[in-house]
Amino acid sequence: MSDVIIVEKMDQWIKITLNRPERLNALNVEMHLAFRAALEAVGDARAVLITGAGRGFCAGQDLGERNPDNGHWPPDLGQTLNDYFNPLVRLITNLPMPVICAVNGVAAGAGANLALACDVVLAADTARFIQAFSKIGLVPDAGGSWILPRRLGMARAMGLALTGAPLMAPQAAEWGLIWKSYDAADLMPEAHALAAEFAAGPTMAYAGTKSLMKRAANHDFDAHLDDEAAMQQACGRSDDYAEGVRAFLAKRPAEFTGK
Ligand code: T3D
């Protein structure tokens with residue numbers, strides 16, 4: 001079994017670590033496939049945490065595999081996106097449980113956008129997000145050109161994408177690109193605590209919240225109210241809802257089972 005992706009099973013949640021630290025966890029084919037397999041295998045975990053080994057989170061595509069002076073040129077990047085990056089982004093965004101990304105260091109190119117595809121992005125205050133694509137003659141991919149203008153507005157999204165300038169994590173949090181930045185030493189303890197919190201939380205409500213928020217971008221308001229009503233109807237029948245209300249009335253912490 002390859003060790004470029006490390007999967008750890010914790011108490012009802014799963015930690016996935018990108019592990020090619022000497023390349024800042026840039027994704028080569030082996031790592032793409034191992035990452036995909038890890039995401040496909042999360043099963044009934046109630047939360048997923050993704051992070052990187054070493055001083056970087058992920059430097060995007062491994063450019064060693066795109067050397068114009070080695071082998072076949074030009075590569076078909078439409079195909080590589082369809083074959084490798086887009087399945088990863090779709091897998092991450094379609095997981096029903098909360099997906100946390102702990103950005104431990106630089107996140108560049110598709111590495112930044114894979115992080116941003118996660119539901120809750122935490123980062124070390126030393127981490128930087130770089131839309132590195134323009135520096136090598138490419139456009140933002142892995143969902144970047146979709147998510148950046150929506151989170152940041154056009155001015156900031158365009159500035160980051162066209163200049164390829166690094167955005168430090170504290171500024172990214174201030175701008176609303178990510179959830180929070182922490183002192184580097186606090187990042188992993190905070191990320192583990194949040195994963196454990198989600199794993200002990202109301203699983204159906206989390207899945208419903210994710211689904212509603214993602215569909216909202218493509219819905220008109222009226223249709224969305226109907227969607228919320230249908231989702232709340234389902235949550236209202238869950239054991240976790242009954243437990244949540246009982247716990248509130250009894251003034252004790254809820255013990256959600258995820259059912
Ligand atoms: O191709 C397709 O399928 C289409 C899809 C493309 C998606 C993409 O992600 S395109 C964007 C690819 N990524 C980049 O352009 C980023 C390239 N890396 C950098 O600009 C810098 O490394 C960083 C800003 C990320 C970090 O800079 P720094 O100074 O902290 O570190 P460094 O010294 O540049 O990198 C450390 C090592 O990692 C270094 O190797 P060495 O010299 O120690 O042997 C460097 O070459 C290597 N590395 C960093 N990024 C990549 C990489 N090796 C291969 N591919 C990389 N992307």
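This write-up is about the structure you can find in this document. (Residues numbered from 1 in each chain as written. Predicted model: local features only at pLDDT ≥ 70, side-chain atom pairs only at ≥ 80, totals over all residues. Heavy atoms only, no water.)

Looking only at helices and strands, the protein has 10 helices and 10 strands in total. For a compact globule of 259 residues, the expected C-alpha radius of gyration is about 18 Å, and the protein comes in at 19 Å, within 12% of that figure. The principal-axis extent of the C-alpha atoms belonging to the protein is close to 70 × 45 × 35 Å. For the protein, buried positions account for 43% of its 259 residues. When contacts within the protein are restricted to residue pairs at least 6 apart in sequence, long-range pairs at least 24 apart make up 68% of them. On the protein, roughly 13,400 Å² of surface is accessible, and the fraction owed to carbon and sulfur atoms is 57%. Where the 23 positive side-chain charges of the protein centre and where its 29 negative ones centre are 1 Å apart. (Helix = DSSP H or I, 4+ residues; strand = E, 2+ residues; numbered from the N terminus. Rg over C-alpha atoms; globule rule 2.2 N^0.38 Å. Buried < 20%, exposed > 50% of the residue type's maximum accessible area, 1.4 Å probe, protein only. Contact = heavy atoms within 4.5 Å. Areas by Shrake-Rupley, 256 points an atom, 1.4 Å probe, with all protein chains shown as cover. Lys, Arg positive; Asp, Glu negative; His and termini not counted. Charge placed at Lys NZ, Arg CZ, Asp CG, Glu CD.)

The next subject is the pattern of salt bridges. Here the structure, examined in full by the defined rule, presents five salt bridges. Put simply, Lys-214 and Asp-119 hold a salt bridge, and the shortest N to O gap is 3.3 Å. Of the two residues, Lys-214 is situated in helix α8 (residues 203-216) and Asp-119 in the loop between α3 (110-116) and β7 (120-124); the sequence distance between them amounts to 95 residues. Judged by its relative accessible area of 34%, Lys-214 falls in the partly exposed class. The partner of Glu-243 in a salt bridge is Arg-252, with the nearest N and O atoms 2.7 Å apart. (Salt bridge = Lys/Arg side-chain N within 4 Å of Asp/Glu carboxyl O.)

What follows concerns the side chain of Gln-131. Summarising the element assignment, Gln-131 is placed in the loop between β8 (128-130) and α4 (144-152). By relative accessible area, Gln-131 is classed as buried at 5%.

On to the layout of surface pockets. Considering only enclosed or pocket space, the largest pocket measures out at about 1,000 Å³ in volume. Lining the largest pocket we find 29 residues, and of these Thr-93, Ala-117, Asp-119, Lys-210 and Lys-214 sit closest to its centre. Those elements that place two or more of their residues in the lining of the largest pocket are α2 (77-94), α3, α4 and α8. Per-element tally for the lining of the largest pocket: the top contributor is α8, with seven residues. Looking at which domains feed residues into the lining of the largest pocket, each of domain 1 (5-199) and domain 2 (203-250) supplies at least three. In this structure, the second largest pocket encloses a volume near 520 Å³. (1 Å grid on protein atoms, 1.4 Å probe; cavity = no way out; pocket = protein on both sides within 12 Å on 5 of 7 lines; lining within 4 Å. Points joined across faces, edges and corners; volume = space filled by probe spheres on them. Domains from an automatic or database assignment.)

This part covers the environment of Leu-81. Within the fold, Leu-81 resides in helix α2. Residues Leu-81 and Asp-141, 60 residues apart in the sequence, show an inter-C-alpha distance of 8.1 Å.

This part is about empty space enclosed by the protein. Considering all chains together, one arrives at one cavity of 30 Å³ or more under this definition. Approximately 30 Å³ is the volume found for the largest cavity. Here the lining of the largest cavity is composed, by residue class, of six nonpolar, one polar and no charged. (Nonpolar A, V, L, I, M, F, W, Y, C, P; charged D, E, K, R; others polar.)

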